[in-house]
Amino acid sequence: MTPVATAPEGASGGALTGDAVRLPIAAGLHARPAAMLVALAKKYQSAIRLLRGADEVNAKSVVSIMSLGTQHGDLLRVQATGADAAEAIAAVSALLLQGCGEAHEAAPTSATLTTEPVPAVATAAHALSGVCAAPGLAVGRVVQFRQDVIVVAETGESAERERSKLDAALTLAQQQIAALKLGLADAAGAAILQAHQELLQDPDLLELAVAGVLQCQSAGHAWRVAFMQYAQRLEGLEGAHNALLRERGSDIRDVGRRVLALLAGVTPAQIDLPQGAILIAEELTPSDTASLDRSKLLGFCTTSGGATSHVAILARSFGIPALCGVDPAALALAQGTLVVLDGAQGLLHHRPSPADIDQAHQRMAQQAARREQDAALAQDAAVTTDGQRIEVVANVRNATEAREAVALGGEGVGLLRSEFLFDERDTAPSEDEQAAAYIAVAQALGPQRTLVIRTLDVGGDKPLPYLPLPKEDNPFLGLRGVRVSLDQPEMFRTQLRAILRASGQARLHIMFPMIATLEELRAAKALLAAEVAATGQRDVKVGIMIEVPSAALLAEQFAREADFFSIGTNDLTQYTLAMDRGHPKLAKQADGLHPAVLKMIALSCEGAARHGKWVGVCGSLASDAMAVPVLIGLGVSELSVSVPAIPAIKALLRRLSLAECQGLAQEVIQFGTTAQVRARLAAFAD
Ligand code: PEP
Ligand code: MG
């Protein structure tokens, strides 16, 4: 049930307060989750406050929420006053409980082809070290960037006049950010700019600025005082756990400077890049990075920030090497200095010898040639040296990604995460809307290609704004995946009908997530059968995700009743090892190559084989080059990988012999530790 709204003792004005919610977000409520919470709170007419012990803040203010400095595990309550107070409390508490969309931020469980940040370890001679924000290698010339100081008068004209200047600048800043957002292709960058837009509407920040204006300050001065005060409040928060929040102080400075520049009538310093630039700055704001000419930029380094900073997220989406937290000596390098930036090693070589440069060029050439070869053959089938065909398909969220997958040689879609099609809505999509989205993905593939649509997979770490779920002590072990669908059969049936309407446009497969018991599979199939009977669409295969140990252990029984299995190694690892997939301290240990997880995969393949059913893997292990030989050696015949990884995984498969992979798989599942497995796989890859 929703959090109970009760009138606290002494509550004035009819305020209602919800049950305490323990905050599940590893880094506390920083800018993005705070922005999501504010967006939801603003939908309610009631005044809403967030309480932590004696502290309380306005739940419609991103800045105030961030300044609360919340930590993982904090007990928070939502209080509301107004006509829709009870609904507001229920919805906001549910969102808090679900982590405001944050749990997926955690580091990946194993090294995938799209390498994630690793800390720098060693410093070579003439090399400055930093934290890898994005991997890759580049040889280029230093371009130093510093932000200008913006000067504004302290006093202004009439309060009315200054207020209207402030309003006009805020509106213009909103428009600028909206335009920047349009130019950004990636979702991560857009989410950051979205948080900036929220900050510009922050009522507490505005109130402070307006108070300054009313005291005869100029709009510029009052605004600067207001945003600096807020940024400092965040940056002054104590404790290592607040490193992320302190970083978000830079977001406030970033939007703050944008408005300030508009008020001062100055154009902020443009980063004018020559060809082949490696940009060095103390800090690059998301606005700076979003407006960079990416055709001229080879990489960048900032002395501030860490692997979780926004600039790191953007660098990864640009696909160029970048370092954060680099040695400040980098700021003293002369413009035009020739450098080698090694993202993966976390090093900026600033006095490379001609031999170093040659070597870097050779490595880059090898990497590029390999990528080119892989891309040239991407449309060919992936067949092992001993003739075993393995299907390489993609994990996608929408029709655009499905088209990208096909262009890169994807043979279909092995996992359409249907929940992503509608995650930005506040009302449930109708059958027609859903059908249009599924048909678009199916048409991007065509009748010859496989499309596996996973039914709604929410709960645990995946909130859905239009579907507030009840508060639970252990959401990962509660209403999650197919259990939500079975709990809300009307919603489930609507989705099933919509999916069936895509049949005929692609080779349609329906897959149920988080199946733990045969009863769940049977209940889901019964609802599907009713819709199949009503619509007359019969050419659909029905499979399950293997994400829970019980499903792997009973694979044989499940294989009698399902057409296929797709192993979700992200969740299977979490549930086999009892390690939260989003836990920052367990990220390294929660490794899909743990022999216990591999044994689960082996059992799934054996069970399926007894009934002639096929097994795919759609968790991140499928995109991990080191894991691929074991997976196919265990009997997996379909790999559903991240879109950019398709050509490389196909190329890798063509170099493997199935017989050798089978031998390897039998060997590693006898091991007791992940370290042994990884060591053996590394030797195999050599
Ligand atoms: C998985 O658990 O491996 C999986 C593919 O599903 P998701 O990551 O969406 O939970
Ligand atoms: Mg999963």
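Described below are features of the structure shown in this document. Fair warning: this is a prediction, and the values are worked out from it, not measured in the lab.

1. Considering the overall build of the protein chain
(1) Moving on: A count of helices and strands for the protein chain gives 24 helices and 22 strands.
(2) Moving on: Across the 686 residues in the protein chain, those meeting the buried criterion constitute 53%.
(3) Moving on: Long-range contacts, defined as pairs at least 24 residues apart, comprise 69% of the intrachain contacts of the protein chain with a sequence gap of at least 6.

2. Considerations on the pairing of strand S4 (residues 55-58)
(1) Moving on: Two strands pair when backbone bridges link them, and strand S3 (residues 47-52) and S4 are joined in this way by 4 bridges, in the antiparallel orientation. Each bridged residue has a counterpart across the sheet, and for Leu51 the counterpart in S4 is Glu56.

3. Some points on the coordination of the magnesium ion (ligand 2)
A four-donor tetrahedral metal ideally has 109.5 degree angles, and a six-donor octahedral metal ideally has angles of 90 or 180 degrees.
(1) Moving on: Surrounding the magnesium ion (ligand 2) are the protein donor atoms Glu547 (OE) and Asp571 (OD), at 2.0 Å. A residue pair is termed long-range when its members are at least 10 positions apart, and Glu547 in the loop between strand S19 (541-546) and helix H17 (549-553) and Asp571 in helix H19 (residues 569-577) qualify at 24 residues. Across the pair, exposure class does not vary: Glu547 and Asp571 are buried alike.

4. Side note on the packing of aromatic side chains
(1) Moving on: Taken as a whole, this structure holds 3 aromatic pairs when the rule is applied.
(2) Moving on: Seen from their ring centres, Phe492 and Phe512 are 6.0 Å apart, and the 65° between their planes marks the pair as edge-to-face. Taken together, the positions of Phe492 in helix H15 (residues 489-500) and Phe512 in strand S18 (residues 507-512) put the pair 20 residues apart, joining distant regions of the chain. One exposure class covers both Phe492 and Phe512, and it is buried.

5. Section: unusual backbone geometry
(1) Moving on: Although it is not a glycine, Cys216 sits at a positive phi angle of roughly 75°.
(2) Moving on: Tracing the sequence through the fold places Cys216 in the loop between helix H6 (203-214) and helix H7 (219-235).
(3) Moving on: Judged by its relative accessible area of 53%, Cys216 falls in the exposed class.
(4) Moving on: Phi angles above zero are rare outside glycine, and Met514 is one such case at about 60°.
(5) Moving on: Summarising the element assignment, Met514 is placed in the loop between S18 and helix H16 (518-535).

6. Topic: the state of the cysteines
(1) Moving on: Under the defined criterion, the tally for this structure stands at 0 disulfides.
(2) Moving on: In this structure Cys301 is a free cysteine whose sulfur lies 8.9 Å from that of Cys324, the closest cysteine sulfur available.
(3) Moving on: According to the relative accessible area criterion, Cys301 is buried, its value standing at 0%.

7. Details of the pattern of salt bridges
(1) Moving on: Under the counting rule described, the total for this entry stands at 26 salt bridges.
(2) Moving on: For Arg52, the salt bridge is made with Asp55, and the minimal N-O distance between the two is 3.0 Å.
(3) Moving on: With a closest N to O distance of 2.7 Å, Arg493 and Glu531 form a salt bridge. With Arg493 in helix H15 and Glu531 in helix H16, the pair connects residues that are 38 residues apart, well separated along the chain.
(4) Moving on: The network of salt bridges with shared partners includes Glu431, Asp432, Arg493, Arg497, Arg501 and Glu531.

8. A few points about a nonpolar patch on the surface
(1) Moving on: A contiguous nonpolar surface patch, about 250 Å² in accessible area, is contributed by Leu553, Leu554 and Leu603.
(2) Moving on: As for its placement among the helices and strands, Leu553 is situated in helix H17.

9. Section: the environment of Val326
(1) Moving on: Mapped onto the elements of the fold, Val326 is located in the loop between strand S11 (322-324) and strand S12 (338-342).
(2) Moving on: The class for Val326 is buried, based on a relative accessible area of 1%.
(3) Moving on: Sequence separation between Val326 and Val131 is 195 residues, and the spatial gap between their C-alpha atoms is 6.8 Å.

10. Section: helix H24 (residues 674-685)
(1) Moving on: When the terminal C-alpha atoms of H24 are compared, their 16 Å separation across 12 residues agrees well with the 16 Å that a helix rising 1.5 Å per residue should span.
(2) Moving on: Every buried residue of H24 is listed here: Thr674, Val677 and Leu681. Projected down its long axis, H24 shows its buried positions confined to an angular sector of 60°, all on one face. The outward face of H24, more than 90 degrees from its buried face, is lined by the exposed residues Ala675 and Ala679.

11. Brief notes about the nonpolar core
Inside soluble globular proteins, nonpolar side chains tend to come together where they are buried.
(1) Moving on: Counting 98 residues, the largest nonpolar core has Leu451, Phe512, Phe565, Leu598, Ile601, Leu639 and Leu653 as its most contacted members.
(2) Moving on: Ignoring any residue separated from it by four or fewer positions in sequence, one finds Phe512 in contact with Thr455, Val482, Phe492, Leu496, Leu521, Ala524, Lys525, Leu528, Val542, Gly543, Ile544 and Met545.
(3) Moving on: In terms of nonpolar packing, the next biggest core, distinct from the first, is built from 60 residues, Ala35, Val152, Ala173 and Leu234 among them.

12. Side note on the environment of Ser295
(1) Moving on: Structurally, Ser295 is set in the loop between helix H9 (286-290) and strand S10 (297-302).
(2) Moving on: Engagement of the side chain of Ser295 in a polar contact is seen with the side chain of Asp293, the distance being 2.6 Å.

13. Description of the packing of helix H4 (residues 159-183) against H6
(1) Moving on: Taken N-terminus to C-terminus, the directions of H4 and H6 make an angle of 150°; their axes are 9 Å apart at the nearest point. In terms of orientation, H4 lies roughly antiparallel with respect to H6. At the point where H4 passes H6, the crossing takes the right-handed sense. Along its contact with H4, which presents Ala159, Glu162, Arg163, Leu166 and Leu170, the element H6 presents Leu206, Ala209, Val210, Val213 and Leu214.
(2) Moving on: Looking at the contact of H4 with H6 residue by residue, the classes come out as 8 nonpolar, no polar and 2 charged.

14. So, the packing of H19 against helix H20 (residues 595-610)
(1) Moving on: Following both chains from N to C, one finds H19 and H20 inclined at 120°, their axes separated by 9 Å at the closest point. In this view, H19 runs oblique relative to H20, as classed from their interaxial angle. Between H19 and H20 the crossing geometry is right-handed. For the pair H19 and H20, the contacting residues are Thr569, Leu572, Thr573, Thr576 and Leu577 in the first and Ala596, Val597, Met600 and Ile601 in the second.
(2) Moving on: Looking at the contact of H19 with H20, its residues break down into 6 nonpolar, 3 polar and no charged.

Rules used throughout
- Residues numbered from 1 in each chain as written.
- Chains lettered and ligands numbered in written order.
- Predicted model: local features only at pLDDT ≥ 70, side-chain atom pairs only at ≥ 80, totals over all residues.
- Heavy atoms only, no water.
- Helix = DSSP H or I, 4+ residues; strand = E, 2+ residues; numbered from the N terminus.
- Buried < 20%, exposed > 50% of the residue type's maximum accessible area, 1.4 Å probe, protein only.
- Contact = heavy atoms within 4.5 Å.
- Pairing = 2+ DSSP bridges.
- Donors = N, O, S within 2.8 Å, 3.2 Å for Na, K, Ca; no water.
- Phe/Tyr/Trp six-rings, centres within 6.5 Å; stacked < 30°, edge-to-face > 60°.
- Disulfide = S-S within 2.5 Å.
- Salt bridge = Lys/Arg side-chain N within 4 Å of Asp/Glu carboxyl O.
- Patch = residues over 30% accessible without salt bridge, like charges linked within 9 Å, V, L, I, M, F, W, Y side chains within 5 Å.
- Areas by Shrake-Rupley, 256 points an atom, 1.4 Å probe, with all protein chains shown as cover.
- Expected span 1.5 Å × (residues − 1).
- Arc of directions from axis to C-beta.
- Core = buried A, V, L, I, M, F, W, Y, C linked by side-chain atoms within 4.5 Å.
- Polar contact = N/O pair within 3.5 Å; in protein donor to acceptor, adjacent residues only side chain to side chain.
- Axes fitted to C-alpha atoms, helices over the stretch in contact; angles between N-to-C directions.
- Parallel < 35°, antiparallel > 145°, perpendicular 65-115°, else oblique.
- Left-handed = near helix turned anticlockwise from the far one by under 90°.
- Nonpolar A, V, L, I, M, F, W, Y, C, P; charged D, E, K, R; others polar.

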